[in-house]
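Coordinates in review
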Amino acid sequence: MPEQQVPNSSCPDLVISPVQQKDAGFYICRVNCGDSFEFSQWAQVDVLNVAMSYAPGHSYQSLEGRMKLVIQPQPQRLYVGDALQLECGAVGRPIPRYQWHRNGAPVPNGTKRKLTVPHVMQDHGGRYRCEISSSSSERLWTNEVDVAVGKPRPQSAAARAVVSASDDRVLCSRLKAPGVAVQISEAVECSEVDVYAIGGASSELFLNSIPEKLYATDKVALLIGNLSYQNHPQLKAPMVDVYDLTNLLRQLNFKVVSLLDLTESEMRNAVDEFLLLLHKGVYGLLYYAGHGYENYGNSFMVPVDAPNPYRSANCLCVQSILKLMQEKETGLNVFLLDMCRKRNIHDDSTPNVVLRVTANIVFGYATCQDAEAFELSSSGFTNGVFVKFLKKRLLDDEKITVVLDRVAEDMGQFNATKGKQALEIRSSLSERRALTDAIMPSDNVAHAHSRQWAKAHELPETMCLNFDCGARIKLGFAAEFSNVLVIYTYIIKKPEEMSFCQAHVTDFSQDLDVDPKEMNRETPEETGIYLLSSSLPQHCLYTRLSSLQKLKEELVFTVCLQGTFAAMADDPVHWTKSINIGKPLIARLDLHRAMRRNSCLQTCLMPHSPSHSPCHSPGPDHCHLLYGSHYAQDHSRLSPQHHYLEVGDSAPGAMGGSFYENLSQCRYDPMYDSGGGLSSSPGRLSIPIEASDDITELQTVFINSLHLQQQ
């Protein structure tokens, strides 16, 4: 493109919104001062058409700061002579660098976003992935994909093989083109390789000779972290854990919904929205971090508004969610429960969740039965023990159970929790399904639901606001979580006669309960933005809006510009603009609404103990689903234990022993009563079992597993 001046670009900041592919290219800025001028360095802008990528529906937050992988390569099956084109893409500043790898070795000259081989040979087959890096030493890897290259493509002329009855030789008859009377011109001896080259049945043989690769029709993840409990001890790690897993799962091409601090009705509605995205062949993953417990083999997740003590009617049952997922005929169901599994002695209800026998269920419990899960105690923000090791393995291209096995081995070497917390894996997975599997959308994908999800993760567009005084400000947005929005303001242009100029935001909806003392701060950390701070532009005023799921109306607020002029004795002057950004992020899904008739509340028939739950009006035959939490909730026993352990401290009761790192407990509660003895198990346990082709053997394994649990 020849050099040309960008229209309306006379400010220090060049803002193009919305950006289009035609805006890609090299930019340079000329700065004039009287008759003199200087040029900046050249800056390259690459624009990715994410809408056309293989990751539909993703939202990639802010382009400022960390790289974000937005286009994943896809597996291919080719014939010799076909063109190979693999494409990946990441957004970030500066522009990311690319290096393709085949079978673990760098591809020569494979340093562009698109890897192209005009005419492939059979030795071009293999496993490909791309390493994406930046000048800040940040590094990402794409999924590893298979490229299969078969024999040459069948020729256009028809051919058939005639097998002689007298010997085992294969004779090839050359035929005229289709539509013309067949005339055998000659019969010649040829090898089996020649048969492949001629075509006919050979193309089917070629396709069948390539090992079948497992695919997902889509990949969807719901991540919930509850930390700000109203009636129970506060937690710290869930926010960091959810944030880190969100970024990792997006690299694996998952559609991720990440939510913090949900009430019971909000959790149920979030699960309903999650279920709407599931259909046949989808990989569904649910991660929960927060308070939780386990009774009779059923895991319960505790909302932030749960009473003290709470019962199953106040919580969400994970097995009930699994039952709903099974009805969607999903390809893989993964539950990662980062919570305590101690028994809740206040809940004597008998669960009755009857699950189908499917060979696609994986449970990864952060701790064993009747044990607690821990988060590290520190002055800053750190991961819980489970995610501390999980995030190092999550991107491995291995069967999900193999990944979790390696996480368990890593956790077993961690001195701080050795003998106190151990990962437990339950699986019925019979195929080599991995979180890295590619996506091959089916024809019956619920496009409407995917579009709805995509809209719920769109950031408001960056705005440039012009004020009558001549000042111009930038109003930007970033998403820390699906229900946490960051707003920042930045002065682009200040009139020369102004001695001071600053823009801040105010007048937010009372639904959001924003603390004015934590708004418009000069550093992200001052307003509670700890995880996204490195990705935000500098020299701004920052405001963090959490709990967007509570927003009932469109978000309208005021941008106030405050300026002082030397000629006016420094008396401040104010200008205001009203801004409406609609319902941002998850607010579009109206999770604040009363639970719907098809809510997960209706899926589990079990008698409940008396409950103060406002959503329990349907009666005792309706079950509330729970998300597992980081901390055990047998409060008559566990509340005294609920503290941060310093180095060398011993926890009360069964949690004695010295700690090599500071820990805080806890996350799990199985089948023990308050006296430490085993309680009877009046109900049937709903647990996944190992898959088997022999239904009799399968039933025997299932019954035996129940007996073992009840001993």
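Positions within a chain are numbered from 1, following the residues in the order the chain's sequence is written. For this predicted model, a pLDDT threshold of at least 70 governs which residues receive local features, and a threshold of 80 or more governs which side-chain atom pairs are given and counted, while totals over whole chains, interfaces and linings are taken from all residues. Note that the side-chain values use all heavy atoms of the structure and ignore hydrogens as well as water.

Attention now goes to the overall build of the protein. Helical segments are the DSSP runs of H or I of at least four residues, strand segments are the runs of E of at least two, and each set is numbered from the N terminus. From N to C terminus, the protein includes 10 helices and 36 strands. Expressed as a percentage of its 711 residues, the buried residues of the protein come to 52%. Here, two residues are considered to be in contact whenever any of their heavy atoms come within 4.5 Å of each other. Contacts spanning at least 24 positions in sequence make up 71% of the contacts within the protein whose residues lie at least 6 apart. Each accessible area is a Shrake-Rupley result for a 1.4 Å probe, and residues are judged covered by the shown protein chains and nothing else. Taken as a whole, the protein presents about 32,300 Å² of accessible surface, with 50% of it coming from carbon and sulfur. Residue burial is assigned from relative accessible area. The probe radius is 1.4 Å, only protein chains are included, and a residue is buried under 20% of its type maximum, exposed over 50%, and partly exposed in between.

Every case where a carboxyl oxygen of Asp or Glu lies within 4 Å of a side-chain nitrogen of Lys or Arg is listed as a salt bridge. Per the stated rule, a full pass over the model turns up 21 salt bridges. Residue Glu480 pairs with Arg544 through a salt bridge whose shortest N-O separation is 2.6 Å. In this pair, Glu480 sits in strand 29 (residues 472-481) while Arg544 sits in strand 32 (residues 541-545), placing the two residues 64 residues apart along the sequence. Assigned by exposure class, Glu480 and Arg544 land together as buried. Each of Arg127, Glu144, Asp146 and Asp397 takes part in salt bridges that share partners, so that together they form one network.

Read from one edge of the open sheet, six strands run 19-18-20-24-25-27, paired in mixed fashion. Strands at the two margins of the open sheet, each flanked by one partner only, are strand 19 (255-260) and strand 27 (424-427). Each neighbouring strand pair of the sheet contributes to a mean axis angle of 10 degrees, computed without reference to strand direction. Strand pairing follows a simple DSSP-based rule, namely that at least 2 bridges must link the two strands. With five bridges connecting them, strand 24 (residues 332-338) and strand 25 (residues 361-365) associate as parallel partners. For Phe335, the partnering residue across the bridge sits in strand 25 and is Phe363. Axis angles are defined between N-to-C directions and span 0 to 180 degrees, where every axis is a line fitted to C-alpha atoms and, for a helix, only to the segment in contact. Lying over the sheet, helix 3 (residues 237-251) contacts strand 18 (219-225), strand 19, strand 20 (283-289) and strand 24, oriented at roughly 170 degrees with respect to strand 18.

All right, on to the sheet that holds strand 33 (residues 556-565) then. What the three strands build is an open sheet, ordered 31-33-34; its pairing is antiparallel. The sheet is open, and its two edges are formed by strand 31 (498-506) and strand 34 (573-580), each paired on a single side. Direction aside, neighbouring strands of the sheet carry axes that sit 15 degrees apart on average.

Attention shifts here to the nonpolar core. Residues Leu285, Tyr288, Leu485 and Phe557 are the most contacted members of the largest nonpolar core, which totals 130 residues. Apart from residues no more than four positions distant in its own chain, Leu485 is found in contact with Leu459, Pro460, Phe477, Ala478, Thr543, Arg544, Leu545, Leu548, Leu555, Ile581, Pro584 and Leu585. Only buried Ala, Val, Leu, Ile, Met, Phe, Trp, Tyr and Cys residues count toward a nonpolar core, and they belong to the same one when joined by side-chain atoms within 4.5 Å. Grouped together as the second largest cluster of nonpolar side chains are 20 residues, Trp100, Tyr128, Val145 and Val147 included.

Another point: the packing of aromatic side chains. We describe a pair of aromatic rings using the distance from one ring centre to the other and the angle between the two ring planes. We call Phe, Tyr and Trp rings a pair once their centres come within 6.5 Å, taking the six-membered ring for Trp, and we label the pair stacked below 30 degrees between planes, edge-to-face above 60, and tilted otherwise. Scanning the entire structure with this criterion turns up nine aromatic pairs. Between Phe389 and Phe414 the ring centres are 5.3 Å apart and the planes differ by 65 degrees, which places this aromatic pair in the edge-to-face class. Of this pair, Phe389 sits in helix 6 (residues 385-393) while Phe414 sits in the loop between helix 7 (400-412) and strand 27, placing them 25 residues apart in sequence. Residue Phe389 shares its accessibility class with Phe414, and that shared class is buried. Counting as a charge over the ring demands two things of the Lys NZ or Arg CZ atom: a distance within 6 Å of the ring centre and an angle within 35 degrees of the ring normal. Here the guanidinium or amino end of Arg341 rests over the ring plane of Tyr365, the centre of that ring lying 3.6 Å away. The ring of Phe389 carries the charged tip of Lys388 above its face, separated from the ring centre by 5.7 Å.

Pairing of strand 2 (residues 30-33) with strand 3 (residues 36-39) involves four bridges; the strand directions are antiparallel. Bridged to Cys33 within strand 3 is Ser36.

For the peptide bond that leads from Asn308 to Pro309, omega is 0 degrees, which places it in the cis range. A positive phi is found at Leu585, a non-glycine position, where the angle reads about 50 degrees. Residue placement: Leu585 occurs in the loop between strand 34 and helix 9 (635-638).

The patch calculation keeps residues exceeding 30% relative accessible area without a salt bridge and links them within 9 Å when they carry like charges or within 5 Å when they are nonpolar (Val, Leu, Ile, Met, Phe, Trp, Tyr). Judged by side-chain polarity, Phe26, Ile28, Phe37, Phe39 and Trp42 come together as a nonpolar surface patch covering roughly 560 Å² of accessible area. When you line up the elements, Ile28 lands in the loop between strand 1 (25-27) and strand 2.

Below, the discussion takes up the packing of helix 6 against helix 7. It is the contact of helix 6 with helix 7, at a shortest axis distance of 9 Å, that shows an interaxial angle of 130 degrees. When the interaxial angle is binned, helix 6 and helix 7 end up oblique. Taken as a pair, helix 6 and helix 7 cross one another with a handedness that is right-handed. Contacts between helix 6 and helix 7 involve Val385, Phe386, Phe389, Leu390 and Arg393 on the former and, on the latter, Val403, Leu404, Arg406, Val407, Asp410 and Met411. Angle categories are assigned with fixed cut-offs, so that under 35 degrees is roughly parallel, over 145 is roughly antiparallel, 65 to 115 is roughly perpendicular, and the rest are oblique. When the near helix sits turned anticlockwise from the far one by under a right angle, the crossing is termed left-handed; a clockwise turn instead gives a right-handed crossing.

Here we come to the confidence of the model for the protein. Confidence along the protein averages 75 in pLDDT terms, with 70% of residues attaining 70 or more. pLDDT is a residue-level measure of predictor confidence that goes from 0 to 100. Per-element mean pLDDT across the protein ranges from 33 in helix 9 up to 96 in strand 20. Overall, residues 51-64 carries pLDDT values under 50, and its contacts beyond four positions in sequence, including any with other chains, amount to 43 contacts. Taken together, the stretch residues 156-211 has pLDDT below 50 and engages in 65 contacts with residues farther than four places along the chain or on a different chain.

So, on to the packing of helix 3 against helix 6. Two elements in contact, helix 3 and helix 6, have axes whose closest approach is 10 Å; the angle formed by their N-to-C orientations is 15 degrees. Put simply, helix 3 runs roughly parallel to helix 6. In this structure, helix 3 meets helix 6 at a crossing whose hand is left-handed. Along its contact with helix 3, which presents Asp241, Asp244, Leu245 and Leu248, the element helix 6 presents Val387, Leu390 and Lys391.

Relative to the helices and strands, Asn308 resides in the loop between strand 22 (298-301) and strand 23 (316-317). On the accessibility criterion, Asn308 (47% relative accessible area) is partly exposed. Through-space distance from the C-alpha of Asn308 to that of Gln230 is 9.5 Å; in sequence the pair is 78 residues apart.

Take helix 5 (residues 318-327) next. The element helix 5 is extensively covered by neighbouring structure, given that eight of its 10 residues are classed as buried. Regarding helix 5, the residues found buried are Val318, Gln319, Ser320, Ile321, Leu322, Leu324, Met325 and Gln326. Buried positions along helix 5 lie against helix 4 (264-276), strand 20, strand 22, strand 23, strand 24 and strand 25.

In this section: the environment of Gln20. Locating Gln20 in the fold gives a position in the segment before strand 1. Since its relative accessible area comes to 42%, Gln20 is described here as partly exposed. The spatial distance from the C-alpha of Gln20 to the C-alpha of Asp46 is 9.9 Å, given a sequence separation of 26 residues.

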